[in-house]
Amino acid sequence: MDFEKPRIVVSKCIEFEPCRYNGLMIKSDIVKKLKDYADFLPVCPEVGMGLGVPRDPIRVVNSRGKLELFQPKTGKIFTDEMNEFSKSFLESISDVDGFILKNKSPSCGVKAINIYPSFEDSRPSKDGIGLFASKVSKYFPKLPLEDEGRLRNLIIRENFLTSIFTIASFRRTFSGGLNDLITFHTKNKLLLMSHSPYYLKIMGNTLANNDNKSFDNIKAEYQGLLFRSLAEDQNPSLNVNVMMHAMGYFSKEIKHDEKTLFLNTLNDYKDGRIPRLVCLKMLELWITRFENEYLAEQTFFKPYPPDLMQITFI
Ligand code: SF4
C-alpha cells in the first residue's frame, strides 16, 4: 500500500531544536520515527514571538476571566505577542493534516496545563490549554491535535496516525474527480465503519447523489463528514464489529475450529488482554489464503505505514 505523506505541524522542541526555556530538546520516539513518513513543519511559538533561548519560564494566569501569558521573574505579560504570532503563523499555513504539540507547555499544551488563579498565586489548577494550542483548535477545529505525551498511549496513537494518513490520502483525492472520491470511499469503507457506521451511511448517500448536486458540493459535504467520522475515535466494540464483518467473507471457507479461535481472540482483544493487531493478522492470513481482493485493498488493515505499528513508544 502506498501512503501519502501527511503534513504535520510540530512543536519545534520535540526532536527538532533545543529551544525550550531551559535550552533543552524533548525526545519522542513517535516523532522521530514519523520523520521518515511525514513532512513536518516545526514551530516554536515562544521563540517566534520574540523570546530567546534560554529564557525565564512563563505561565498562564487567569486574571479575572482573561488568560494571560505571564513571566513571573520579569513581571512581563506576553499575551498580545503570542496571539499575534499565532494568528500570523496559523493564517500562513495550508494543506496541513494534523498537529503534534508539546504537553504541559503554557503555549503548546493541548490538555491539562497549569492555570494560575492570579499573578501572585503559586497553586495552579490543571485544567487549561496553552495559548498557542487554543488558537490551533480555533483555526483548525477539524484536524487531529495531540501532544507527544498522549501519543505514547497505543489507542490514542492508533487513532491519531489513522486520522492523519487518511486525511492526507483524502487531500490527494481532492484534486481528482468523482471516480477518485468513490475509489477513496470504497477502500476506506471498513475503516470508516470502525469510526462511525452512522457517518459511513450518510457518506454513501452523499456519493449516491440523488439530489443531483454539483461535484464541488459533493466534495465539500463528503469532506465535512469524513472529518466528523474520524473525530469519533475507534473503540474495541466497533473494531470487533468490523472484524466480524470481515470474517463473514470467509465463513464458508474456514473450519469451525478456526472460527472459534478467531472469536476467542476477538474477545481477548475486547477485554484488553491483547492488541488489535493480533486479530488483524489472523484476518490478513485469510485474506491472503483466499485471495480476497476487496479486503486486501481495505485501509482498515493498514491505515498507516506498518513500520509505525509498534506497541510501545517512549
Ligand atoms: S513547548 Fe512550544 S513554545 Fe515551548 S519550547 Fe516547545 S515549541 Fe517552543
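The structure presented is a predicted model; accordingly, all values stated were derived computationally and were not measured.

Re the site of the ligand
Piece 1. Every residue lining the ligand is accounted for by S11, K12, C13, C19, R20, C44, P45, E46, K102, S105, S107 and C108.
Piece 2. Residue classes in the shell around the ligand are distributed as 5 nonpolar, 3 polar and 4 charged.

Here's the deal with unusual backbone geometry
Piece 1. Cis peptide bonds are those with omega within 30 degrees of zero, and the linkage from V53 to P54 qualifies with -10 degrees.
Piece 2. Mapped onto the elements of the fold, P54 is located in the loop between α2 (45–48) and β3 (59–63).
Piece 3. Even without glycine at this site, E15 takes up a positive phi of about 65 degrees.
Piece 4. As for its placement among the helices and strands, E15 is situated in the loop between β1 (7–11) and α1 (29–34).
Piece 5. Unusually for a residue other than glycine, N212 sits at a positive phi of about 55 degrees.

Some details on the domain arrangement of the protein chain
Piece 1. Along its sequence, the protein chain is organised into domain 1 (7–152) and domain 2 (154–314).
Piece 2. Between domain 1 and domain 2, the contact holds 14 residues from the first and 13 residues from the second.
Piece 3. Per-class residue counts for the side of domain 1 that touches domain 2 are 5 nonpolar, 1 polar and 8 charged.

Side note on the environment of N22
Piece 1. Residue placement: N22 occurs in the loop between β1 and α1.
Piece 2. Look at N22 and you get exposed, because 9 C-beta atoms sit within 10 Å.

A look at the sheet that holds β3
Piece 1. Overall, mixed pairing links the 5 strands, which are arranged β5-β4-β3-β7-β8 in an open sheet. In this open sheet, the two strands that pair with only one neighbour each are β5 (76–77) and β8 (125–128).
Piece 2. Sheet analysis places strand β4 (residues 66–71) next to β5, joined by 2 bridges and oriented antiparallel. Bridging across to β5, Q71 finds its partner in K76.

A short note on the nonpolar core
Piece 1. Ranked by size, the top nonpolar core spans 67 residues in total, and within it I8, L69, M82, F99, I100, A133 and I164 carry the most contacts.
Piece 2. With 7 residues, helix α5 (residues 154–174) is the single largest residue contributor to this core.
Piece 3. Two domains each donate at least three residues to this core, and these are domain 1 (7–152) and domain 2 (154–314).
Piece 4. In this view, M82 contacts P45, M49, L69, S107, L131 and F132; residues no more than four positions away in its chain are not counted.

With respect to the sheet that holds β1
Piece 1. Strand order in the open sheet formed by 4 strands is β2-β1-β6-β9, with parallel pairing between adjacent strands. The strands lining the two open edges of the sheet, one partner per strand, are β2 (39–43) and β9 (145–147). Taking the axes of each pair of neighbouring strands and ignoring which way they run, one obtains an average angle of 25 degrees across the sheet.
Piece 2. By the bridge criterion, 3 bridges tie strand β6 (residues 98–101) to β9 in an arrangement that is parallel. If you follow F99 over to β9, its bridge partner there is L145.

Parameters and conventions
Residues numbered from 1 in each chain as written. Predicted model: local features only at pLDDT ≥ 70, side-chain atom pairs only at ≥ 80, totals over all residues. Near = placed C-beta within 6 Å. Nonpolar A, V, L, I, M, F, W, Y, C, P; charged D, E, K, R; others polar. Helix = DSSP H or I, 4+ residues; strand = E, 2+ residues; numbered from the N terminus. Domains from an automatic or database assignment. Contact = placed C-beta atoms within 7 Å. Buried ≥ 20, exposed ≤ 12 C-beta atoms within 10 Å, placed from the backbone. Pairing = 2+ DSSP bridges. Core = buried A, V, L, I, M, F, W, Y, C linked by C-beta atoms within 7 Å. Axes fitted to C-alpha atoms, helices over the stretch in contact; angles between N-to-C directions.

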